[in-house]
Amino acid sequence: MAERLRTPVGEPYGTGGRGPSPYGTGSGGPAPYGTDIDGPFPYGADPGGPSPYRTAVEGLRTYRMVAAMWIRSTMAYRASFALTLFTSFCVTFFDFVVILLMFGQVRGLGGFSFAEVAFLYGSTGTAFGAADLTMGSLQRMGRRIRDGSLDVFLLRPVPLLAQVAADKFALRRLGRVLQGLMVLVWSLVLLRDEVAWSWEKVLMVPGMVVCGAVIFMAVMVLGASALFWLQDASEVTNAFTYGGNTLLQYPPAVFAQDLVKGVVYVVPLAFVNWLPALYVLGRPAPAGVPSWAAFAPPFVALVCCAVAGLAWRTGVRAYRSTGS
Amino acid sequence: MPLIELDGLEKTFTVRRKTGLLRRERREVRAVDGISFTVDRGEMVGYIGPNGAGKSTTVKMLTGILTPSGGRLRVAGIDPARERTRLARRVGVVFGQRTTLWWDLPLRDSYRLTHRMYRIPDDRYEENLARCVELLDLGDLLDVPVRQLSLGQRMRGDIAAALLHDPEVLYLDEPTIGLDVVSKARVRGFLRELNAERGTTVLLTTHDLTDIEQLCSRVMVIDHGRLVYDGGLAGLHEAGDGERMLVVDLARELPPITDVPGARFVRADGPRQHLAFPASASAAPLVAAVAEAYPLVDLSVREPDIESVIAKMYGGAAGELTGGPGSP
């Protein structure tokens, strides 16, 4: 539209010369807003069209603001916050103890050594933890849709996805990331002599964690998009996110080949860590996947984002709100 | 050029209903069924109708929350569903039954977030906030967590939040629902002033017809998704086939006045008699006729009760009209 290109001019209120307050006594003065409906934007800042870059920047800014508000909200109940933090710490800690105990008893799993399994566990754990920390709230959007409180989000001049993702932001979910990261670093220490390291393998480790997190996030957004039609679909999404995370903690050889194929070709979760990790470990890819697939995660992540973005937009347009 | 333009706006919902164990029935519900109107800058319009008439659905389409199923819609030249976030900077919305404020944080924090989200220049923000605080009496409430506010206080807080970014249009959905008389009066006074001094266009959805009587010069009545009336408040009386009441005080108690043409005797309280006549007719010849034949001491003309007029228009939906919160 042409009006988007128009440079805003002058003071938007047209109240110049009416003293310090535009609410001054002269009610017969000029109309505060011009009669031109394509007129300048308030504050001279046309937010512009939906360029993906602008939306992303606005989204990040919004996310920060909303997340900060939620952290402050949590602090409003100090005792409760302290208790949650303590519980969360305990859960994470015991989770960690369980892994230690398990690896204390089992030397290998599906032909994988202890360090190799820890590598799988740590890489998917970090990726999933990061996705859950930032996007985990999306699965709770179903309730917001049911009770109609999503309406309020839609009234704000900032991207909806960022608001929903930052909704009820909980810092305690950082524990999961830290736990995964710890296991990952530990496994790398153990693997430092076992693996024939090269530059692409060194770069592949952070790369797979980042791409893995993005793939998990995209799956979460995709799942949340379904909530616009089916408000109870969050359990289905959980099967792919939480379930996928559990699956990826173990070597593919442990599972039935059909399941592995599904994770490669249907839901691209194998790209989160299996394929690149197997490459790093110098093992053949499962289910007859070519070895170059280990380098595919960035592209898979991009495609996932595109699909999720499209689904999200379609979902928002299909939003039905509630009766009142 | 009008600020809000609707042309044949439609919204249909598909409702699935279980009719048996596995059988489901799909049914199309037309919540908004071809509404057309325009609102100019600075107008204050009442948008009324019984529960489920399509009022909230219309407002949600005007803000871009819902995508219309058909028809054309422009607010300030923007297609709301397409450019929702862009439009959001130019409109303010108050949903009476839903707060935009942060439940656990002081009112001030919610305003600060609005300040940053809408990128309101500091001087504008300070000025608007100061004005809202003064006129809505929020001074003592700014540092109170929203969950501790009463309904009336929260509503005033919500109205302020919707106005900090200088919206050109303000949509109010049931702004006085559940408020006491004092709070209602304060809110109405504030809106009147806002409209008069700022020129803010106001679209008001309400069940409280006093809101309409006190604020709006124009009323739109919607029923079953269709616009059944659009015009001045006074015209509503005629459209609703209403009657006005001539109350005459006679010098002494007399038999009912039944011989005056154009009037219908309603009741008598001693020397005072009530005569009904069509709202569209003039009272003057009637008064003259009564004065000629009877010892007239005093008289007054009463406008019909707007509620009964609208109830007539809805066709028996009066019970719902004065009822509680809207439901689907």
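What counts and how
- Residues numbered from 1 in each chain as written.
- Chains lettered and ligands numbered in written order.
- Predicted model: local features only at pLDDT ≥ 70, side-chain atom pairs only at ≥ 80, totals over all residues.
- Heavy atoms only, no water.
- Helix = DSSP H or I, 4+ residues; strand = E, 2+ residues; numbered from the N terminus.
- Buried < 20%, exposed > 50% of the residue type's maximum accessible area, 1.4 Å probe, protein only.
- Contact = heavy atoms within 4.5 Å.
- Axes fitted to C-alpha atoms, helices over the stretch in contact; angles between N-to-C directions.
- Parallel < 35°, antiparallel > 145°, perpendicular 65-115°, else oblique.
- Left-handed = near helix turned anticlockwise from the far one by under 90°.
- Nonpolar A, V, L, I, M, F, W, Y, C, P; charged D, E, K, R; others polar.
- Salt bridge = Lys/Arg side-chain N within 4 Å of Asp/Glu carboxyl O.
- UniProt positions renumbered as here; feature names shortened; annotations may be inferred.
- Pairing = 2+ DSSP bridges.
- Expected span 1.5 Å × (residues − 1).
- Domains from an automatic or database assignment.
- Phe/Tyr/Trp six-rings, centres within 6.5 Å; stacked < 30°, edge-to-face > 60°.
- Lys NZ or Arg CZ within 6 Å of the ring centre and 35° of its normal.
- 1 Å grid on protein atoms, 1.4 Å probe; cavity = no way out; pocket = protein on both sides within 12 Å on 5 of 7 lines; lining within 4 Å.
- Points joined across faces, edges and corners; volume = space filled by probe spheres on them.
- Core = buried A, V, L, I, M, F, W, Y, C linked by side-chain atoms within 4.5 Å.
- Patch = residues over 30% accessible without salt bridge, like charges linked within 9 Å, V, L, I, M, F, W, Y side chains within 5 Å.
- Areas by Shrake-Rupley, 256 points an atom, 1.4 Å probe, with all protein chains shown as cover.
- Lys, Arg positive; Asp, Glu negative; His and termini not counted.
- Charge placed at Lys NZ, Arg CZ, Asp CG, Glu CD.

**Regarding the overall build of chain B**
Counting its secondary structure elements, chain B contains 11 helices and 13 strands. Expressed as a percentage of the 328 residues in chain B, the buried residues total 54%. Within chain B, contacts between residues separated by at least 24 positions form 69% of all contacts whose residues are at least 6 apart in sequence.

**Notes on the packing of helix α3 (residues 107-117) of chain B against helix α5 (residues 151-163) of chain B**
Two quantities define a packed helix pair, namely the angle between the axes and the distance from one axis to the other. All names here are of chain B. The interhelical angle for the contact between α3 and α5, taken along N-to-C directions, is 20 degrees, at an axis separation of 10 Å. Between α3 and α5, the crossing angle belongs to the class labelled roughly parallel. The element α3 and its partner α5 pack so that their crossing is right-handed. Each of L107, Y111 and T114 in α3 lies in contact with α5, whose residues at this interface are G157, A160 and A161. For the contact of α3 with α5, the residue count by class is 4 nonpolar, 2 polar and no charged.

**Considerations on the pattern of salt bridges**
Taken as a whole, this structure holds 27 salt bridges over all chains when the rule is applied. When the shortest N-O distance is used, the salt bridge between D132 of chain A and R176 of chain A registers 3.6 Å. Pair noted here: D132 of chain A is in helix α4 (residues 114-135) and R176 of chain A is in helix α8 (residues 174-191), with a separation of 44 residues, a long-range link. A relative accessible area of 4% places D132 of chain A in the buried class. Under the relative-accessibility criterion, R176 of chain A is labelled partly exposed at 33%. Close ionic contact of R74 of chain B with D79 of chain B constitutes a salt bridge, the shortest N to O distance being 3.9 Å. When salt bridges with common partners are traced through the structure, they connect E10, R30, D33 and R226 of chain B into a single cluster.

**Points about the UniProt feature "transmembrane region" (unreviewed entry) in chain A**
Residue and element names in this part refer to chain A. Under the local residue numbering, the UniProt record ascribes the feature "transmembrane region" (unreviewed entry) to residues 81-106, 118-138, 174-191, 203-230, 262-280 and 292-312. Along residues 81-106 the backbone is 96% helical and 0% strand, and the end-to-end C-alpha distance reaches 38 Å. What you have in residues 292-312 is 76% helix and 0% strand, and the ends, taken at the C-alpha atoms, are 31 Å apart.

**Section: the sheet that holds strand β8 (residues 218-223) of chain B**
All names here are of chain B. Pairing is mixed across the open sheet formed by 6 strands, whose spatial order is β5-β6-β7-β3-β8-β9. Each of the sheet's edge strands pairs with one partner strand only, and the pair in question is β5 (91-95) and β9 (226-232). The mean angle between the axes of side-by-side strands here comes to 15 degrees, regardless of whether they run parallel or antiparallel. Inspection of the sheet shows strand β3 (residues 44-48) paired to strand β7 (residues 201-205) by 4 bridges, in the parallel sense. Across the sheet, residue G46 finds its bridge partner in β7, namely L204. Sheet contacts for α5: β5 and β6 (169-173); angle to β5, the most-contacted strand, approximately 165 degrees.

**Overview of helix α10 (residues 234-248) of chain A**
Taking 1.5 Å per residue as the helical rise, α10 of chain A with its 15 residues ought to reach 21 Å, and the 20 Å between its terminal C-alpha atoms agrees with that figure. For α10 of chain A, every residue scored as buried is listed here: S234, T237, N238, T241, G244, N245, L247 and L248 of chain A.

**Quick notes on the domain arrangement of chain B**
By domain assignment, chain B separates into domain 1 (4-238) and domain 2 (243-303). For domain 1 of chain B and domain 2 of chain B, the distance between their C-alpha centroids amounts to 43 Å.

**Thoughts on the packing of helix α3 (residues 78-105) of chain A against α4 of chain A**
All names here are of chain A. Running from amino to carboxyl end, α3 crosses α4 at an angle of 155 degrees, the nearest separation of the two axes being 11 Å. In terms of orientation, α3 lies roughly antiparallel with respect to α4. Of the two possible hands of crossing, α3 and α4 adopt the one that is right-handed. In this structure, α3 uses D95, I99 and F103 to contact α4, whose residues at the interface are F114, V117, A118 and Y121. Partitioning the contact of α3 with α4 into residue classes produces 6 nonpolar, no polar and 1 charged.

**Let's talk about the packing of aromatic side chains**
Residues and elements named next belong to chain A. One pass over the structure, following the stated rule, counts 9 aromatic pairs over all chains. Through a chain of ring-to-ring contacts, the aromatic side chains of F128, F216 and Y242 assemble into a single cluster. The residue whose ring lies beneath K201 is Y279, and the NZ or CZ to ring-centre distance is 5.8 Å.

**Observations concerning empty space enclosed by the protein**
Counted according to the given criterion, the structure contains 5 cavities of 30 Å³ or more. The calculated volume of the largest cavity comes to roughly 270 Å³. Surrounding the largest cavity, 22 residues form its lining, R156 of chain A together with T100, T114, Y118 and A161 of chain B being those nearest its centre. Contributing elements (two or more residues each) for the lining of the largest cavity: α6 (150-154) of chain A together with α2 (84-88), β5, α3 and α5 of chain B. When grouped by side-chain class, the residues that make up the lining of the largest cavity number 13 nonpolar, 6 polar and 3 charged. As a volume, the second largest cavity reaches approximately 90 Å³. Considering the residues around the second largest cavity, the lining is formed by 14 residues, among which G136, Q139, M220, T237 and N238 of chain A are closest to the centre.

**Brief notes about the nonpolar core**
For soluble globular proteins, the rule of thumb is that nonpolar side chains tend to be buried together. Core analysis: the biggest nonpolar cluster contains 162 residues, and W312 of chain A together with I4, Y111 and Y171 of chain B have the highest contact counts within it. In this view, W312 of chain A contacts L138, M141, L160, L161, V164, V221, A224, S225 and F228 of chain A; residues no more than four positions away in its chain are not counted. Core analysis: the next-biggest nonpolar cluster, separate from the first, contains 12 residues, V248, I257, V260 and Y294 of chain B among them.

**Observations regarding a positive patch on the surface**
On the surface, a cluster of positive charge is made up of R140, R143, K168 and R172 of chain A. One can find R172 of chain A in the loop between α7 (160-166) and α8.

**So, the sheet that holds strand β12 (residues 272-278) of chain B**
All names here are of chain B. The strand order β11-β12-β10-β13 describes an open sheet built from 4 strands, whose pairing is antiparallel. Two strands bound the open sheet, and with one partner strand each, they are β11 (264-269) and β13 (296-302). Between one strand axis and the next, the sheet turns by 20 degrees as a mean value, whatever way the strands run. Relative to β12, β11 runs antiparallel, the two being bridged by 5 bridges. Residue pairing in the sheet places D269 in a bridge with R272 of β12.

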